[in-house]
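# Close look at the chain arrangement
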Amino acid sequence: MTDKRHHHHSRRAEFSSKFGVIMAAAGSAVGLGNIWKFPYITGVYGGAAFLFVYLAFIAAIGVPVMLSEFIIGRGARRNPFGAFRKLAPNSLWPFAGMMGIGAAFMILSYYGVVAGWSLEYIVRSLTDGFSGKSADELAADFTTFVESPVEPVIYQLLFMFMTGLIVFAGVKNGIEKGSKIMMPLLIFIVIILGIRSITLPGAGDGLKFFFKPDFSRLTWEGVLAALGHAFFSLSLGMGTLITYGSYISADTSLPRSAVQVSGLDTLISILAGLVIFPAVFAYGIEPGSGPGLVFITLPNVFVQMPGGYVFAILFFVLLTLAALTSAISILEVVVVYFHEELKIRRKVATVLATVVTGLLGVICSLSMGINKGQTFFGLNFFDLMDWISAYLLLPLGGLLITLFVGWRLGRRLVHAEISKGGHLSPAMLTVFMALIKIIAPIAIAIVFFKGINLL
Ligand code: TRP
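Treat the numbers as computed from the prediction; the structure is a model and nothing was measured. Sequence order sets the numbering: in each chain, residues are counted from 1 along the sequence as written. Only residues with pLDDT of at least 70 get local features here, since the model is predicted, and only at 80 or more are side-chain atom pairs given and counted; chain-wide, interface and lining totals rely on the full set of residues. Note: side-chain values were computed over all heavy atoms of the structure, leaving out hydrogens and water.

### Thoughts on the packing of helix α4 (residues 80-87) against helix α14 (residues 308-341)
Inclusion rule: Note on geometry: axes are C-alpha line fits, over the in-contact stretch for helices, and angles between N-to-C directions span 0 to 180 degrees. A helix here means a DSSP run of H or I that spans at least four residues, while a strand means a run of E at least two residues long, and both kinds are numbered starting from the N terminus. Working definition: roughly parallel below 35 degrees, roughly antiparallel above 145 degrees, roughly perpendicular at 65 to 115 degrees, and oblique for all remaining angles. The contact criterion used throughout is that any non-hydrogen atoms of two residues lie within 4.5 Å. Residues are sorted three ways: Asp, Glu, Lys and Arg are charged, Ala, Val, Leu, Ile, Met, Phe, Trp, Tyr, Cys and Pro are nonpolar, and all the rest, Gly among them, are polar.
At a minimum axis distance of 8 Å, the contact between α4 and α14 shows a crossing angle of 55°. By the criterion of interaxial angle, the relationship of α4 to α14 is oblique. On the side of α4, the interface is formed by Pro 80, Phe 81, Gly 82 and Arg 85, while α14 contributes Val 333, Tyr 337 and Glu 341. Taken together, the residues of the contact of α4 with α14 break down into four nonpolar, one polar and two charged.

### Quick notes on unusual backbone geometry
Under the convention used in this document: Throughout this description, buried means an accessible area under 20% of the type-specific maximum (1.4 Å probe, protein chains only), exposed means over 50%, and partly exposed covers the range between.
Residues other than glycine seldom take positive phi values, yet Asn 90 does so here, at roughly 55°. Tracing the backbone through its elements, the reader meets Asn 90 in the loop between α4 and α5 (94-126). For Ser 235, which is not a glycine, the phi torsion comes out positive at approximately 60°. Looking at where Ser 235 falls in the secondary structure, it is placed in the loop between α10 (220-233) and α11 (240-245). Under the relative-accessibility criterion, Ser 235 is labelled buried at 11%.

### Regarding the environment of Glu 341
So the rule is basically this: In the analysis that follows, any N or O atom pair within 3.5 Å is treated as a polar contact, provided that within protein one partner can donate a hydrogen and the other can accept it, and provided that, for residues neighboring in sequence, both atoms belong to side chains.
Looking at the element boundaries, Glu 341 is found in helix α14. By relative accessible area, which is 17% here, Glu 341 ends up buried. Measuring from C-alpha to C-alpha, the distance between Glu 341 and Gly 82 comes to 6.9 Å, with 259 residues separating the pair along the chain. Side chain to side chain, Glu 341 and Asn 79 meet in a polar contact 2.8 Å long. Here the side chain of Glu 341 touches Arg 85 through a polar contact of 3.0 Å, side chain to side chain.

### Let's talk about the site of the ligand
Under the convention used in this document: One heavy atom within 4 Å of a molecule or strand makes the whole residue count as near it. To be clear on the numbers: accessible area is Shrake-Rupley with a 1.4 Å probe, and residue cover counts the displayed protein chains and nothing else.
Around the ligand, the surrounding shell holds 18 residues, and the nearest of these are Ala 29, Gly 33, Tyr 111, Phe 232 and Ser 235. Within the backbone of Ser 28, one N or O atom sits 3.2 Å away from a nitrogen atom of the ligand. Ser 233 places a main-chain nitrogen or oxygen 3.2 Å from a nitrogen atom of the ligand. In isolation the ligand exposes 360 Å². Once the protein is present, 100% of that is buried. Contributions of two or more residues to the shell around the ligand are made by α1 (18-29), α2 (32-44), α5, α10 and α14.

### Regarding the environment of Asn 453
The residue Asn 453 is located in the segment after α17 (426-451) in this model. Judged by its relative accessible area of 66%, Asn 453 is exposed. The spatial distance from the C-alpha of Asn 453 to the C-alpha of Trp 93 is 27 Å, given a sequence separation of 360 residues.

### Description of the pattern of salt bridges
Two side chains of opposite charge can pair, provided their charged atoms sit close to one another. We apply this condition: Whenever Lys or Arg places a side-chain nitrogen within 4 Å of a carboxyl oxygen from Asp or Glu, that contact is recorded as a salt bridge.
The full count for this structure, using the stated rule, is nine salt bridges. When the shortest N-O distance is used, the salt bridge between Glu 14 and Arg 77 registers 3.7 Å. Of this pair, Glu 14 sits in the segment before α1 while Arg 77 sits in the loop between α3 (48-76) and α4, and the two are 63 residues apart along the sequence. Assessed through its relative accessible area of 31%, Glu 14 is described here as partly exposed. Note on Arg 77: relative accessible area 26%, which makes it partly exposed. Lys 133 serves as the salt-bridge partner of Asp 141, at 2.8 Å between the closest nitrogen and oxygen. Classification of Asp 141 as partly exposed rests on a relative accessible area of 23%. Three or more residues joined by partner-sharing salt bridges are found here, namely Arg 74, Glu 417 and Lys 420.

### Overview of the packing of α3 against helix α9 (residues 203-211)
For the pair α3 and α9, interaxial distance at closest approach is 5 Å and the crossing angle is 45°. It follows that α3 is oblique to α9 by the angle criterion. In this structure, α3 contributes Ala 48, Leu 51 and Phe 52 to the contact, and α9 contributes Phe 209, Phe 210 and Phe 211. For the contact of α3 with α9, the residue count by class is six nonpolar, no polar and no charged.

### Points about the confidence of the model for the chain
We count it as follows: One confidence number per residue, pLDDT, is output by the predictor and ranges from 0 to 100.
Looking at the chain as a whole, the pLDDT averages 89, with 96% of positions reaching at least 70. Segment residues 1-9 is flagged for pLDDT under 50; beyond a separation of four residues in sequence, or across chains, it makes 10 contacts in the model.

### Quick notes on α2
Defined as follows: Residue count minus one, scaled by 1.5 Å, sets the expected span of a helix. Throughout, bend refers to the angle between the axes fitted to the seven residues that end at a position and the seven residues that start at it.
Over its 13 residues, α2 extends 17 Å from the first C-alpha to the last, a length consistent with the 18 Å expected when each residue adds 1.5 Å. The largest bend along α2 measures about 35° and falls at Phe 38, with the proline Pro 39 one to four residues further on. In terms of burial, α2 is a largely internal element, 12 of the 13 residues being buried. Buried within α2 are the following residues: Leu 32, Gly 33, Asn 34, Ile 35, Trp 36, Lys 37, Phe 38, Pro 39, Tyr 40, Ile 41, Thr 42 and Gly 43. One or two residues past the end of α2 sits Gly 46, with phi positive at roughly 100°.

### As for a nonpolar patch on the surface
Note the following rule: Every patch collects residues that have over 30% relative accessible area and no salt bridge, joining them within 9 Å if they carry like charges and within 5 Å if they are nonpolar side chains (Val, Leu, Ile, Met, Phe, Trp, Tyr).
Residues Trp 220, Trp 407, Ile 438, Ile 439, Ile 442 and Ile 446 make up a contiguous nonpolar surface patch of roughly 610 Å² in combined accessible area. When residues in the nonpolar patch are grouped by element, the largest group, four residues, is from α17. Note on placement: Trp 407 falls in helix α16 (residues 381-418).

Put into structure tokens, the structure is as follows:
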């Protein structure tokens, strides 16, 4: 990428290959959502029953919404706000794009905090900080760390700095190249850890918890969480994949890309569950213990396994890198919006967006400890950002995206866009149109209203 000119119609970057598209989009999708959040909310909402609802949402809603975002993005080749404006001039649709920009700020603010924890755990594993400790001690260590006022803030800001640096460098060399290297490595490590975990004595109870559903434990709140997490994990509902879609070249099949990215993301979540739950039960940890689950459980595994010192380092390095490829994609949404709509130079926009999300992140981090008492609707600031974005803004954004592609763009435009570099049989196109025009919007609306107790 040597094109540094700032023309009014600057040439947009494009991913260089189909493999690059999959790795970049999967790099966005696969992140803390898969390895940190998915296991812990599966634990909170009762295990296998939650998993099955989640898988159903991925297939019936996630894949169609992802394809819809790709269609909007590649169709318009703009940032989310500009894309809606280009495809539906003089309408209210661009506000769906604006909502996404707001969601990006919220998500990135607490995402950076957790990624900062992961960064600190690299240092902790390098300095052999787990060895010789009991499960209780490892749990206490985590709590003490996240509640302290200085250390987690420093690591969070460091992570945001790294995120800003990569976005600063540009689309192709940062995002695409990095993802191509990190994603295969991540998959390899997760498989190795999964094998170790399911061969632990007592692992069977964890497998049962993860795969044998007890639907009586399922609540509407759990169903909303499954939907919200399907959006979160696939990076949907706020324009990330509209933005990445705008970098996909015309010879790439959008339906195939959507299926491959969703499949890869889901596979990694299941692998993460296979790493966490057997270990949780083997060491007698509460599966519903919340955000600390991964940071407490895995160190227990590392302490007990041969070569655990090395695997601990590798794991937290890769968790941080996975978080990084996702955080970049969130920041990129804000940056391209600032750049294309507000005509702020890309590099200035990057600094601006990084500083604002970094400062919001400080508030999130402090709300785990010294500001714990300050709550909104019973949630601290960290949980509030998580809740509003994952459970309100993303499903709402997804709803608007499906309605837009289904009703506003319509079958003919959809067909034209997905026929570039790909093919979808008329029957499959009909299924897709039915999903995004009717089934997904109704499902999202029901779950959404039930979940927030309005029905
Ligand atoms: N999908 C990422 C994860 O699972 C996080 C993420 C990146 C995201 N971009 C997003 C979440 C857009 C919601 C919307 O970690």
